[in-house]
Amino acid sequence: MEGDIAEMGKFIGAGLATIGLGGAGIGVGHVAGNFLAGALRNPSAAPGQMATLFVGIAFAEALGIFSFLIALLLMFAV
Amino acid sequence: MEGDIAEMGKFIGAGLATIGLGGAGIGVGHVAGNFLAGALRNPSAAPGQMATLFVGIAFAEALGIFSFLIALLLMFAV
Amino acid sequence: MEGDIAEMGKFIGAGLATIGLGGAGIGVGHVAGNFLAGALRNPSAAPGQMATLFVGIAFAEALGIFSFLIALLLMFAV
Amino acid sequence: MEGDIAEMGKFIGAGLATIGLGGAGIGVGHVAGNFLAGALRNPSAAPGQMATLFVGIAFAEALGIFSFLIALLLMFAV
Amino acid sequence: MEGDIAEMGKFIGAGLATIGLGGAGIGVGHVAGNFLAGALRNPSAAPGQMATLFVGIAFAEALGIFSFLIALLLMFAV
């Protein structure tokens, strides 16, 4: 058995870092799903809440991007 | 026992990276599911929300594609 | 104790890759479940949303197929 | 300590592969559960949605079958 | 096999720290999703609840940022 055990930790860590991407995916789905459910019940109000939709998606997506960043840092930087 | 332990870490990491794909799958399902629930209650409003449906799917799917990218990078690039 | 530890990593990784299949399964279930809930409340609108149903299923299923691909790659390609 | 460590990885991987079966089970349950909730509210519409019910179950079940296939491959083929 | 086992622990720990990011993503999605569902049902009340929306997002996001901080500390500071 050869190889660097710290190297192994980096790759397993990068894989684990996708848990954050998955959670952010669930969150984004919840924001967009509830917007669509509401917009189809009351279409005339949808344009006025478009900005809030993107605020909600952006905050949830940001947490996924941070996880992606951790995965990239683990693979290429540390 | 032989083999490179860093190699092992890559393969376990690639497997773990599907957690992100799973979460994105739940998110995409939530977006499309809520669209369908709303569109069947008020079919006349559905075409007007089609664009938002694809925006929501795209943002959730993107997080899954990022996870897939991490899995491919772990298997073939690092 | 003999055997290749990288080989072991491939098999554990392939098993872990089904997490993505599981998440996609939840997503597909959410899409089809909400379609059925809506279609039974308003059956006359169901044919018009059939295309969206398959779009939603396809996007969620794709994330599961990507996970399946990762499992196959880990078992037979890398 | 004797035994082949790659052999060990196969068996752990096959066990982990049931996570996909579990997720697909949640998905199938969601499809059939929502069908029943709707069919009991509006029984006259149920026969017309029977085909969609089986389409939804089939797509979610397929993801579980793929996981089952990975488990079988890990145990008997690789 | 060479390498520092404490180093390995840091990298696996940094990957695990994204579980917090994922959970925060689900939380942010729940806050923004329920705001949108309510705002589309009663649009005239939405501006008055905007502050509460950002309070809710901020508290959930903060927990994700703390997890991100732990991941960064594990990779670069300890």
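Residues numbered from 1 in each chain as written. Chains lettered and ligands numbered in written order. Predicted model: local features only at pLDDT ≥ 70, side-chain atom pairs only at ≥ 80, totals over all residues. Heavy atoms only, no water.

Attention now moves to the overall build of chain A. Looking only at helices and strands, chain A features 3 helices and 0 strands. In sequence order, chain A lays out its α and β elements as α-α-α. Taken over the C-alpha trace, chain A has a radius of gyration of 18 Å; the compact-globule value for 78 residues is 12 Å, which it surpasses by more than 25%. Across its three principal directions, the C-alpha atoms of chain A cover 65 × 20 × 10 Å. The contacts of chain A with a sequence gap of at least 6 include a subset with a gap of at least 24, amounting to 77%. (Helix = DSSP H or I, 4+ residues; strand = E, 2+ residues; numbered from the N terminus. Rg over C-alpha atoms; globule rule 2.2 N^0.38 Å. Contact = heavy atoms within 4.5 Å.)

Turning our eyes to something else, we now look at the interface of chain B and chain A. On the side of chain A, 45 residues touch chain B, which itself brings 45 residues to the contact. Across the interface of chain B and chain A, roughly 3,500 Å² is buried in total on both sides, 79% from carbon and sulfur atoms. Remark: the boundary between chain B and chain A carries 0 salt bridges. The interface formed by chain B and chain A includes 7 residue pairs in polar contact (both at pLDDT 80 or more). (Buried area = accessible area lost by both parts, 1.4 Å probe. Salt bridge = Lys/Arg side-chain N within 4 Å of Asp/Glu carboxyl O. Polar contact = N/O pair within 3.5 Å; in protein donor to acceptor, adjacent residues only side chain to side chain.)

Turning next to the pattern of salt bridges. All names here are of chain E. Following the criterion strictly, the structure yields 5 salt bridges over all chains and no others. With a closest N to O distance of 3.9 Å, Lys10 and Glu7 form a salt bridge. A residue pair is termed a helical-turn pair when its members lie 3 or 4 positions apart in one helix, as Lys10 and Glu7 do in helix α1 (residues 5-16) at 3 residues.

Residues and elements named next belong to chain A. The residues that UniProt annotates with the feature "transmembrane region" (unreviewed entry) are residues 12-33 and 53-77. In the segment residues 12-33, helix accounts for 95% and strand for 0%; the C-alpha atoms at its two ends are 32 Å apart. Counting secondary structure, residues 53-77 comes out at 100% helix and 0% strand; the distance between its end C-alpha atoms is 34 Å. (UniProt positions renumbered as here; feature names shortened; annotations may be inferred.)

Quick look at the packing of helix α2 (residues 18-41) of chain C against helix α3 (residues 46-77) of chain C now. All names here are of chain C. The interhelical angle for the contact between α2 and α3, taken along N-to-C directions, is 170°, at an axis separation of 7 Å. On the basis of their axis angle, the class for α2 and α3 is roughly antiparallel. Between α2 and α3, the residues in contact are Gly20, Leu21, Ala24, Gly27, Val28, Val31, Ala32, Phe35 and Ala39 and Ala46, Gln49, Met50, Leu53, Gly56, Ile57, Ala60, Glu61, Leu63, Gly64, Ser67 and Phe68, respectively. Residue composition of the contact of α2 with α3, grouped by class: 14 nonpolar, 6 polar and 1 charged. (Axes fitted to C-alpha atoms, helices over the stretch in contact; angles between N-to-C directions. Parallel < 35°, antiparallel > 145°, perpendicular 65-115°, else oblique. Nonpolar A, V, L, I, M, F, W, Y, C, P; charged D, E, K, R; others polar.)

The geometry of an aromatic ring pair comes down to the distance between the two centres and the angle between the two planes. Within the structure shown, the criterion is met by 7 aromatic pairs over all chains. Between A:Phe54 and B:Phe59, the aromatic rings sit 6.5 Å apart at their centres with planes inclined by 65°, giving edge-to-face as the arrangement. Placement of the pair is A:Phe54 in helix α3 (residues 46-77) and B:Phe59 in helix α3 (residues 46-77), with the two residues belonging to separate chains. According to the relative accessible area criterion, A:Phe54 is partly exposed, its value standing at 36%. Classification of B:Phe59 by relative accessible area gives partly exposed; the value is 30%. Summarising the aromatic geometry, the rings of C:Phe68 and D:Phe66 are spaced 4.5 Å apart at their centres and angled 15° between planes, so their arrangement reads as stacked. Here D:Phe66 lies in helix α3 (residues 46-77) and C:Phe68 lies in helix α3, a pairing that spans two chains. The exposure class assigned to D:Phe66 is partly exposed, which follows from its relative accessible area of 25%. (Phe/Tyr/Trp six-rings, centres within 6.5 Å; stacked < 30°, edge-to-face > 60°. Buried < 20%, exposed > 50% of the residue type's maximum accessible area, 1.4 Å probe, protein only.)

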